[in-house]
Number of protein chains: 4
Amino acid sequence: MTLNNSQARLFSFVERIERLIVERREVSEQITAVKSEAKHAGFDPKVIAQMIKERAMTDDERQEWSALCELYRASLGMLNGTPMSDNARRHVSRESDEGRGEGVDDMFDPSPESAHAISPAEARAQGAEAFKSGKRVTENPFPAGDPSRASWDEGWCAEAGSDGMDIPPEWRRAPKKAEKGEDA
Amino acid sequence: MTLNNSQARLFSFVERIERLIVERREVSEQITAVKSEAKHAGFDPKVIAQMIKERAMTDDERQEWSALCELYRASLGMLNGTPMSDNARRHVSRESDEGRGEGVDDMFDPSPESAHAISPAEARAQGAEAFKSGKRVTENPFPAGDPSRASWDEGWCAEAGSDGMDIPPEWRRAPKKAEKGEDA
Amino acid sequence: MTLNNSQARLFSFVERIERLIVERREVSEQITAVKSEAKHAGFDPKVIAQMIKERAMTDDERQEWSALCELYRASLGMLNGTPMSDNARRHVSRESDEGRGEGVDDMFDPSPESAHAISPAEARAQGAEAFKSGKRVTENPFPAGDPSRASWDEGWCAEAGSDGMDIPPEWRRAPKKAEKGEDA
Amino acid sequence: MTLNNSQARLFSFVERIERLIVERREVSEQITAVKSEAKHAGFDPKVIAQMIKERAMTDDERQEWSALCELYRASLGMLNGTPMSDNARRHVSRESDEGRGEGVDDMFDPSPESAHAISPAEARAQGAEAFKSGKRVTENPFPAGDPSRASWDEGWCAEAGSDGMDIPPEWRRAPKKAEKGEDA
DNA sequence: CGTGACTCTTTAGAGC
DNA sequence: GCTCTAAAGAGTCACG
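1. Considerations on the overall build of chain A
Of the regular secondary structure elements, chain A holds 8 helices and 0 strands. The buried share among the 184 residues of chain A stands at 46%. If you take every contact in chain A between residues at least 6 apart in sequence, the share linking residues at least 24 apart comes to 68%.

2. Comments concerning the relation of the copies chain A and chain D
Superposing chain A onto chain D takes a rotation of 180° plus a shift of 0.1 Å along the axis, which leaves an RMSD of 0.1 Å. Classification of the inter-copy transformation places it as that of a two-fold axis. Taking the C-alpha atom as reference, chain A places A144 of chain A closest to the rotation axis, 2.6 Å from it. Residue by residue, 100% of the interface of chain A is reproduced at the interface of chain D, so both copies engage with the same surface.

3. A look at the confidence of the model for chain A
Residues and elements named next belong to chain A. Per-residue pLDDT for chain A averages 78, and the proportion of residues at 70 or more is 80%. Across chain A, element-level confidence peaks in helix α7 (residues 120–132) with a mean pLDDT of 94 and bottoms out in helix α5 (residues 94–100) with 49. Counted against residues more than four places away or in other chains, residues 96–110, with its pLDDT under 50, gives 25 contacts. The low-confidence segment residues 177–184 (pLDDT under 50) makes 1 contact with residues lying over four places distant or belonging to another chain.

4. Considering the interface of chain B and chain C
The interface is formed by 39 residues belonging to chain B together with 39 residues belonging to chain C. Between chain B and chain C, the buried area comes to about 3,600 Å², and carbon and sulfur atoms account for 61% of it. The three residues of chain B that bury the most area against chain C are M51, Y72 and M78 of chain B, which together make up 14% of that side's buried surface. Between chain B and chain C we count 5 residue pairs in polar contact (both at pLDDT 80 or more) in total.

5. A short note on the interface of chain A and chain D
Between chain A and chain D, the contact holds 40 residues from the first and 40 residues from the second. Counting the surface lost from both chain A and chain D, the interface buries some 3,600 Å², and carbon and sulfur atoms represent 60% of this. Of all residues in chain A, M51, Y72 and M78 of chain A bury the most surface against chain D, accounting for 14% of the area lost on that side. Connecting chain A to chain D are 4 salt bridges. Notably, a salt bridge pairs R173 of chain A with D44 of chain D, separated by 2.6 Å at the nearest N-O pair. On inspection of chain A and its partner chain D, the count reaches 7 residue pairs in polar contact (both at pLDDT 80 or more). Elements represented by at least two residues in the side of chain A that touches chain D include exactly α2 (45–55), α3 (59–75) and α4 (86–92) of chain A. By residue class, the composition of the side of chain A that touches chain D is 19 nonpolar, 8 polar and 13 charged.

6. Considering the relation of the copies chain B and chain C
There are two copies of the chain, and a rotation about an axis plus a shift along that axis relates them. With an RMSD of 0.1 Å, the fit of chain B onto chain C corresponds to turning through 180° and sliding 0.0 Å along the axis. Same-surface contact between copies: 100% of interface residues of chain B are shared with the interface of chain C.

7. Remarks on a negative patch on the surface
Taken together, E23, E26 and E29 of chain A together with E23, E26 and E29 of chain C make up a surface patch of like negative charges. Within the residue set of the negative patch, elements represented by two or more residues are α1 (6–40) of chain A together with α1 (6–40) of chain C. Mapped onto the elements, E26 of chain C comes out in helix α1. The exposure class of E26 of chain C is partly exposed, given its relative accessible area of 42%.

8. Quick word on the pattern of salt bridges
Residues and elements named next belong to chain A. If you walk through the whole model with that rule in mind, you get 30 salt bridges over all chains. Between D59 and R62 there is a salt bridge, with the nearest N and O atoms lying 2.7 Å from each other. Of the two residues, D59 and R62 both sit in helix α3, 3 residues apart, roughly one turn of that helix. Relative accessible area serves as the criterion here: at 36%, D59 is assigned to the partly exposed category. Classification of R62 by relative accessible area gives buried; the value is 12%.

9. Observations concerning the packing of aromatic side chains
Using the criterion set out here, one finds 20 aromatic pairs over all chains in the structure. Here the aromatic rings of F43 of chain B and F13 of chain D are separated by 5.9 Å at their centres, their planes lie at 75°, and the arrangement is edge-to-face. Here F43 of chain B is found in the loop between α1 (6–40) and α2 (45–55), whereas its partner F13 of chain D is found in helix α1 (residues 6–40) on a different chain. We note that F43 of chain B, like F13 of chain D, is buried. Aromatic rings pair up to connect F13 of chain A, Y72 and W171 of chain B together with F43 of chain C into one cluster.

10. A word on the packing of α3 of chain A against helix α2 (residues 45–55) of chain D
Any two packed helices are characterised by how steeply their axes cross, that is the angle between the axes, and by the distance between the axes. At a closest axis distance of 10 Å, the pairing of α3 of chain A and α2 of chain D adopts a crossing angle of 60°. One way to sum up the angle between α3 of chain A and α2 of chain D is to call them oblique. Our pair here, α3 of chain A against α2 of chain D, has a crossing hand that is right-handed. Mapping the contact onto sequence places W65, L68, C69, Y72 and R73 of chain A in α3 of chain A and K46, V47, I48, Q50, M51 and E54 of chain D in α2 of chain D. For the contact of α3 of chain A with α2 of chain D, the per-class residue count stands at 7 nonpolar, 1 polar and 3 charged.

11. Notes on α3 of chain A
Residues and elements named next belong to chain A. Between its first and last C-alpha atoms α3 spans 24 Å; for 17 residues at 1.5 Å apiece the expected length is 24 Å, and the two agree. For α3, the complete set of buried residues consists of R62, E64, A67, L68, C69, E70, L71, Y72, R73, A74 and S75. At the C-terminal side of α3, G77 shows a positive phi close to 70°.

12. Notes on the environment of P120 of chain C
Residues and elements named next belong to chain C. Secondary-structure assignment places P120 in helix α7 (residues 120–132). Overall, the relative accessible area of 54% leaves P120 in the exposed class. Along the chain, P120 and W152 lie 32 residues apart, while their C-alpha atoms are 7.9 Å from each other.

13. Some words on helix α8 (residues 147–162) of chain B
Residues and elements named next belong to chain B. Look at α8: 24 Å from first C-alpha to last across 16 residues, which is about the 22 Å you get at 1.5 Å a residue. Counted residue by residue, α8 has 13 buried out of 16 residues, so it is predominantly covered. The N-terminus of α8 is capped by D146, whose side-chain oxygen sits 2.8 Å from the backbone nitrogen of S148.

14. Let's talk about the packing of α1 of chain B against α2 of chain D
Running from N to C, α1 of chain B and α2 of chain D point in directions that differ by 65°, and their axes come no closer than 10 Å. In this structure, α1 of chain B crosses over α2 of chain D, and the sense of that crossing is right-handed. Listed contacts from α2 of chain D to L10, F11, V14, E15, I17, E18 and I21 of chain B of α1 of chain B are I48, I52 and R55 of chain D. Grouping the constituent residues of the contact of α1 of chain B with α2 of chain D by class yields 7 nonpolar, no polar and 3 charged.

15. Describing the state of the cysteines
All names here are of chain A. Counted under the stated rule, the structure contains 0 disulfides over all chains. Here C157 stays unpaired: no disulfide links it, and the sulfur of C69, its closest cysteine neighbor, is 13 Å away. A residue is classified by how much of its surface remains accessible, and C157, at 1% relative accessible area, is buried.

Each value, and the rule that gives it
- Residues numbered from 1 in each chain as written.
- Chains lettered and ligands numbered in written order.
- Predicted model: local features only at pLDDT ≥ 70, side-chain atom pairs only at ≥ 80, totals over all residues.
- Heavy atoms only, no water.
- Helix = DSSP H or I, 4+ residues; strand = E, 2+ residues; numbered from the N terminus.
- Buried < 20%, exposed > 50% of the residue type's maximum accessible area, 1.4 Å probe, protein only.
- Contact = heavy atoms within 4.5 Å.
- Least-squares fit on C-alpha atoms with pLDDT ≥ 70 in both.
- pLDDT = per-residue confidence, 0-100.
- Buried area = accessible area lost by both parts, 1.4 Å probe.
- Polar contact = N/O pair within 3.5 Å; in protein donor to acceptor, adjacent residues only side chain to side chain.
- Salt bridge = Lys/Arg side-chain N within 4 Å of Asp/Glu carboxyl O.
- Nonpolar A, V, L, I, M, F, W, Y, C, P; charged D, E, K, R; others polar.
- Patch = residues over 30% accessible without salt bridge, like charges linked within 9 Å, V, L, I, M, F, W, Y side chains within 5 Å.
- Areas by Shrake-Rupley, 256 points an atom, 1.4 Å probe, with all protein chains shown as cover.
- Lys, Arg positive; Asp, Glu negative; His and termini not counted.
- Charge placed at Lys NZ, Arg CZ, Asp CG, Glu CD.
- Phe/Tyr/Trp six-rings, centres within 6.5 Å; stacked < 30°, edge-to-face > 60°.
- Axes fitted to C-alpha atoms, helices over the stretch in contact; angles between N-to-C directions.
- Parallel < 35°, antiparallel > 145°, perpendicular 65-115°, else oblique.
- Left-handed = near helix turned anticlockwise from the far one by under 90°.
- Expected span 1.5 Å × (residues − 1).
- Disulfide = S-S within 2.5 Å.

Below is the structure:
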């Protein structure tokens, strides 16, 4: 029977909530215990927490997120020697890729003129120039590991952000994902 | 001139936010400092925080809040020897008061039969009985300081919550306050 | 066998944490559901939350807390017609009571001269005067429900806080409670 | 003059805190306004927040953080086609680099046998094999953009985490940074 | 289009 | 000193 006088109902609500709070605290304590165990095993708790956050995303979300971060980082000059990932390149070149139908393969063409060491400033200038002449970010001529690769990226992105265009769609997250069917 | 390329605009936004965050942190640190000063002066920080919260309410809000708390406390048997305040009595008897036009003055009539000490259970029973016979909570016959006063309150409130009625409006907060005219 | 290679151990930790997080979220959702149920039944969710907080305290803690709040309220002039509770009076008079051995009973002596209506300011002055002449806060001559009762309280407390003394122990919470024996 | 009675001091504390809270709220509102402006300009607010967080770190912290994240990601099989960054490679090979004195340059040696397309599983196996034969993670033979590059990374890292060794120091953050001299 | 609820993030406080 | 927890604030979403 459902209680229908206010005092008893209030009491019932309060007690149910209290019981659930106890349960939740117990689970929380278990979480803490496992975290502490992991920490004492030598793992970094913060990084583990980050992994758990990322694992909660779908692959698409995760990739879009990190691509966006890299794009913004490049624009703000925060690459610091870590060039954009292939993922970010793909994100920025999304539409062009569709149009041209070619993938990332044409980037494996280390032009001889960039094979020898050049200064970061020069690489940056080359990146900017590349953007202006319609090259895509995936056409970065410097191979992985080359310190000039990041500089070229920065130059390209900076130019891409400086040409007076409005903010292009690559800077935005995909608007929404259709909700998966849950319980009605 | 408004910057109209995305990189420069992004940079501007980020820097403005960062500057404001610094400002906010400074203010927060000042708050912490004052709180700590107060604490070392011997005041209880939590109670001070509570006072600040209450001072942020209007008098009406504050009174309604504490009256509601007391009403719920009484229903849950948490009065523990601290009888309901006049404020709570007024809240619970809001409507009756309008109808009868009398205030709290008729409560200063310690009936002779309750003047001598009785057990808490008996006081509780009297309170419940009083509710059933249509008495208002302000008619508690026990004077302030009398340990039976709280018990009578509890009896009255418990009965008021047990009579099968739906939850009466006294249990709810006044729905909305008309917003005071701010800057347009 | 305990896994002893880092990859597998990391994976195990992450999965255990994830599973527990799911559990915790489920419990949290149940809490939300019950709260929402209570709300739709007509109870005020905030007040319920407050009750749960208070029920988590021991009686002593709760009484000390509310007594402290009232003391601070009185000092800040926030009583607004709700006189201090017996509980707060007891708290403030803790030590004197031990010394004198008398309880609250000597307060049921509405002196004839205060029986007729006086102005709040006058009541306040009487309270201040009472403090100066060594009277205790429990000796408030105005009965419950009398609007002058709160004013007298305010006068007494204000005077008690203005006499140049350092902050007395009544303004502090009892330092610590010895922890009850839990599971080892 | 310093107030030395408790009531006045309490009042002073409360008012100072309240004033600061108002200030803080104002700054907060300005932050909200700028964020909203940025959002309407087409930037992603979350990513901006992330950038601000990262800009608050030193370069070293940021690089260590992201390197650790990638290492953990690789171990958990979360690379998903995004190979480890040069930064992460450097982190993992920190000590070896000191010993061998060579940088990342010896990785530009795409062995002919890996130049043609192979399956992810095969690339993974090659990575694991490479670890077992003492190769460093920087010796990934697949060039940037090659889908096999990530798989090789995963294989290498998985093997590095599976060989029964205790968790190596690369998995931990650098213990502490000596605090920069602040105001005394 | 405005409002209200819910979630998440951040931050301050308390304990080991 | 560091971590964890809890509360407050902000942001987003959905609904009226």
